[in-house]
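# A look at the structure
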Amino acid sequence: MASKQIWTATGRRKQAVAQVKLVGGTGKITVNGVDIDEYMPFATLVMDIKQPLVATDNENRFDIEVKVNGGGFNGQAGAIRLAITRALLKFDANTDQTREDSYRHILKNHGLITRDPRVKERKKYGLRKARRAPQFSKR
């Protein structure tokens, strides 16, 4: 029996970390053992996660298994999207990267390869939050 090839990748966003396994299949995405539509509360987040698959025209080509922890739903969606992008780049690693139809070229034009570096700023002493000062009272 021939073993299926698996492409794995890791993505991070804010405090969320996602590990993705890409296997040839029918387009089913499971997150922490649950279907993606049940796991993610908003359809916009599901669309955001599927962006690299739509851009490379692979919506129904791979089954994707995701393990994600940390952060909230937005951070987790960003981490999953980056992990899927990186796995697709591994899948397409043998093709010529200078061609216009290479996955790297397509995903880079959509802005999906770069990790979003924004994280929560730490709280400073004397302030209520990172920058929010206590209300000033003249009297």
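Everything numeric here is computed off the predicted structure, so don't read it as measured data.

## Describing the sheet that holds strand 1 (residues 6–13)
Taken in spatial order, the five strands make up an open sheet running 1-2-5-3-4, and their pairing is mixed. Strands with a single pairing partner mark the edges of an open sheet, and in this sheet they are strand 1 and strand 4 (34–35). Note: strand 3 (residues 29–31) against strand 4, two bridges, orientation antiparallel. Within the sheet, the bridge partner assigned to Thr30 lies in strand 4 and is Asp35.

## Overview of the layout of surface pockets
Volume-wise, the largest pocket comes out at about 170 Å³. Lining the largest pocket are Arg12, Arg13, Asp48, Asn74, Gly78, Arg81, Leu82, Leu112, Thr114, Arg115, Asp116 and Arg118. Where the lining of the largest pocket is concerned, the elements lending two or more residues are strand 1 and helix 3 (73–91). Sort the elements by how many residues they give to the lining of the largest pocket and helix 3 lands first, with four residues. Taken together, the residues of the lining of the largest pocket sort by class into two nonpolar, three polar and seven charged.

## As for the pattern of salt bridges
For the coordinates displayed, the defined rule picks out six salt bridges. The shortest N-O distance in the salt bridge between Arg81 and Asp48 comes to 2.8 Å. Linking Arg81 in helix 3 with Asp48 in helix 2 (residues 43–55), this pair joins segments that are 33 residues apart in sequence. Residue class for Arg81 comes out partly exposed when judged on its relative accessible area of 22%. Given a relative accessible area of 24%, Asp48 falls into the partly exposed group. With a shortest N-O distance of 3.0 Å, Arg131 and Glu121 are connected by a salt bridge. Of this pair, Arg131 sits in the segment after helix 4 (103–109) while Glu121 is found in the segment after helix 4, placing the two residues ten residues apart along the sequence. Arg131 gets classed as exposed once you look at its relative accessible area, which sits at 67%. Each of Arg13, Asp116 and Arg118 takes part in one network of salt bridges that share partners.

Criteria and cut-off values
Residues numbered from 1 in each chain as written. Predicted model: local features only at pLDDT ≥ 70, side-chain atom pairs only at ≥ 80, totals over all residues. Heavy atoms only, no water. Pairing = 2+ DSSP bridges. Helix = DSSP H or I, 4+ residues; strand = E, 2+ residues; numbered from the N terminus. 1 Å grid on protein atoms, 1.4 Å probe; cavity = no way out; pocket = protein on both sides within 12 Å on 5 of 7 lines; lining within 4 Å. Points joined across faces, edges and corners; volume = space filled by probe spheres on them. Nonpolar A, V, L, I, M, F, W, Y, C, P; charged D, E, K, R; others polar. Salt bridge = Lys/Arg side-chain N within 4 Å of Asp/Glu carboxyl O. Buried < 20%, exposed > 50% of the residue type's maximum accessible area, 1.4 Å probe, protein only.

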